Amino acid sequence: MKVGVFDSGIGGLTVVKSLLQHRLFEEIIYFGDTARVPYGIKDKTTIIRYAIEAVEFFKNFELDLIIVACNTVSAHALTEMREVSSCPVIGVVEAGILATANAIKDKNSNILILGTKATINSKAYETGLKAKGFNNLQAKATGLFVPIVEEEIYSGEILEATFRHYFSDIAKPDAIILGCTHFPLISDAIQNYFGKETILIHSGDAIVQQLEIDFKFNTKYEKTKLEFFASENPESLKAIGKKWLNI
Ligand code: DGL
């Protein structure tokens, strides 16, 4: 099985980490659109155009599947990607909704959705969760976390101040959807802020769950070959990838 993993930049490596841990693929082709990141502040038309170009890029490889690790693209451009792709395309938003429904049994639970401006404005998570019966939802665009994580700040004063800025009017949630590739990297700090009872939904784990439970992916490969591609400075992406993934 050969999979293409697409993200606007380096954040999708958090999804690759889960895929590697579960050994679901023989080969992973990672493409980060580092020249044009961030997508989260762009409009739908631009996000769709970039996403279609990513599908074109992946046509250079004979892929069995494309995983859209980027929440912003998953929220806005999945249909358009599927129209032009010759292999199936799945995204983290759908997977995150399924994972939330699996993890949270009480439909009145308060669920906080975090994401980029574009993801939150799309209401993709809210629509999907409401369709599953959840109606106690809060959503907050927390785009500042993206550059903070890129600066490799995972704890401390700056992060705490950003939490206060975003979360002071937020009611304590039962669950939080980390609806952006970068947020799993600050999941410990988010967990500390809200307390350990709050359940965190992570895109990478959600995709693994969808592949294993819904798509019955049960072959475990001994080794996964991983190749990195980027629209700008691929060497830097490769170096960060190796560090993040500990390979
Ligand atoms: N990868 C994006 C996401 O998951 C975050 C970074 C960006 O804004 O492009 O929404």
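See the structure printed just above.
Structural notes, computed from the coordinates. Starting from 1, residues in each chain are numbered consecutively following that chain's sequence as written. Given that this is a predicted model, residues contribute local features only at a pLDDT of at least 70 and side-chain atom pairs are listed and counted only at 80 or more, while totals for whole chains, interfaces and linings are drawn from all residues. Based on all heavy atoms of the structure, the side-chain values leave hydrogens and waters out of the count.

The next subject is the pairing of strand E3 (residues 65-68). Residues Leu65 and Ile67 line one face of E3 and the alternating positions Ile66 and Val68 line the opposite face, and both faces are buried. Relative to E3, strand E1 (residues 2-7) runs parallel, the two sharing four bridges. The partner of Val3 across the bridge, within E3, is Leu65. Relative accessible area decides the class of each residue, using a 1.4 Å probe on protein chains only: under 20% of the type maximum gives buried, over 50% gives exposed, and in between gives partly exposed. Helix numbering and strand numbering both begin at the N terminus, where a helix is a DSSP run of H or I of at least 4 residues and a strand a DSSP run of E of at least 2. Pairing between two strands requires that DSSP report at least two bridges joining them.

Counting residues in each nonpolar core, the largest one holds 45 residues, and the members touching the most others are Val5, Leu19, Phe25, Ile67 and Leu211. Counting residues per element, this core draws most heavily on helix H5 (residues 92-103), at six residues. Any pair of residues with heavy atoms lying within 4.5 Å of one another is described as a contacting pair. Aside from chain neighbours lying at most four places away, what touches Leu19 is Val5, Leu24, Phe25, Ile28, Ile67, Ile207, Val208 and Leu211. Grouped together as the second largest cluster of nonpolar side chains are 23 residues, Tyr50, Ala54, Ile66 and Leu78 included. Put simply, a nonpolar core is a bunch of buried Ala, Val, Leu, Ile, Met, Phe, Trp, Tyr and Cys residues held in one set by side-chain atoms that sit within 4.5 Å of each other.

In an α-helix there are 3.6 residues to a turn, and that puts residues three or four apart on one side. Expected span of a helix: the number of residues minus one, times 1.5 Å. Helix length check: helix H11 (residues 203-214) (twelve residues) gives 15 Å between terminal C-alpha atoms against 16 Å at 1.5 Å per residue, within 8%. For H11, the full list of buried residues reads Ser203, Gly204, Ala206, Ile207, Val208, Gln210 and Leu211. Lys216 sits one or two residues past H11 and shows a positive phi near 55 degrees.

Let's shift gears to helix H1 (residues 13-22). Those residues of H1 that fall on the buried side of the exposure criterion are Leu13, Thr14, Val15, Val16, Ser18 and Leu19. Of the residues flanking the end of H1, it is Arg23, one or two places downstream, whose phi is positive at about 50 degrees.

A separate point is the pairing of strand E2 (residues 27-32). Burial of E2 is extensive: six of the six residues sit out of reach of the surface. Judged by which residues are buried, E2 turns out to be covered on both faces: Glu27, Ile29 and Phe31 on one side and Ile28, Tyr30 and Gly32 on the other are all buried. With six bridges joining them, E1 and E2 adopt parallel strand pairing. Paired with Val3 across the bridge in E2 is Ile28.

What follows concerns the site of the ligand. Think of it this way: one heavy atom of a residue within 4 Å of a molecule or strand is enough to make that residue near it. Taken together, 13 residues form the shell around the ligand, and within it Asp7, Ser8, Tyr39, Gly40 and Thr72 come nearest. A distance of 2.7 Å is found between an oxygen atom of the ligand and a backbone nitrogen or oxygen belonging to Tyr39. In the analysis that follows, any N or O atom pair within 3.5 Å is treated as a polar contact, provided that within protein one partner can donate a hydrogen and the other can accept it, and provided that, for residues neighboring in sequence, both atoms belong to side chains. With respect to the ligand, the backbone of Gly40 contributes an N or O atom lying 2.8 Å from an oxygen atom. When the free accessible area of the ligand is taken as 290 Å², the share hidden by the protein chains comes to 99%. Each residue gets one of three labels, nonpolar for Ala, Val, Leu, Ile, Met, Phe, Trp, Tyr, Cys and Pro, charged for Asp, Glu, Lys and Arg, and polar for the others, Gly among them. A class-by-class count of the residues in the shell around the ligand yields five nonpolar, seven polar and one charged. Computed by Shrake-Rupley with a 1.4 Å probe, the accessible areas treat only the displayed protein chains as cover when residues are assessed.

Turning next to the sheet that holds strand E6 (residues 137-141). Pairing within the open sheet is parallel, and its four strands lie in the order E6-E5-E7-E8. The two strands at the open ends of the sheet, each matched to only one other strand, are E6 and strand E8 (199-202). The sheet shows a mean angle of 20 degrees between the axes of neighbouring strands, direction not considered. Pairing of strand E7 (residues 175-179) with E8, which is carried by four bridges, proceeds in the parallel orientation. By the bridge assignment for E8, Leu178 is matched with His202. Where H5 meets the sheet, it contacts strand E5 (111-115), E7 and E8, and its direction lies at approximately 150 degrees from that of E8. Every angle, taken between N-to-C directions, lies between 0 and 180 degrees, and every axis is a line fitted to C-alpha atoms, over only the stretch in contact when it is a helix.

Time to look at the packing of aromatic side chains. To describe a pair of aromatic rings, one takes the distance between the centres and the angle between the planes. Two rings from Phe, Tyr or Trp (for Trp, the six-membered ring) form a pair when their centres sit within 6.5 Å of each other. Planes less than 30 degrees apart are called stacked, planes more than 60 degrees apart edge-to-face, and all others tilted. Considering all chains together, one arrives at 20 aromatic pairs under this definition. Here a set of aromatic residues connected by ring pairs shows up, and it is made of Phe6, Phe31, Tyr39, Tyr50, Phe57, Phe58, Phe61 and Phe229. The criterion for a charge sitting over a ring is simple: Lys NZ or Arg CZ within 6 Å of the ring centre, and within 35 degrees of the ring normal. Sitting over the face of the ring of Tyr50, Arg36 holds its NZ or CZ atom 3.7 Å from the ring centroid.

With that out of the way, let us pick up the packing of H5 against helix H7 (residues 124-131). The interhelical angle for the contact between H5 and H7, taken along N-to-C directions, is 40 degrees, at an axis separation of 10 Å. The two elements H5 and H7 meet at a crossing, and its hand is right-handed. Between H5 and H7, the residues in contact are Val92, Val93, Gly96, Ile97 and Thr100 and Ala124, Tyr125, Gly128 and Leu129, respectively. Here the contact of H5 with H7 is built from residues that sort into six nonpolar, three polar and no charged. For any pair of crossing helices, the crossing counts as left-handed if the nearer helix is rotated counterclockwise from the farther one by less than a right angle, and right-handed if it is rotated clockwise.

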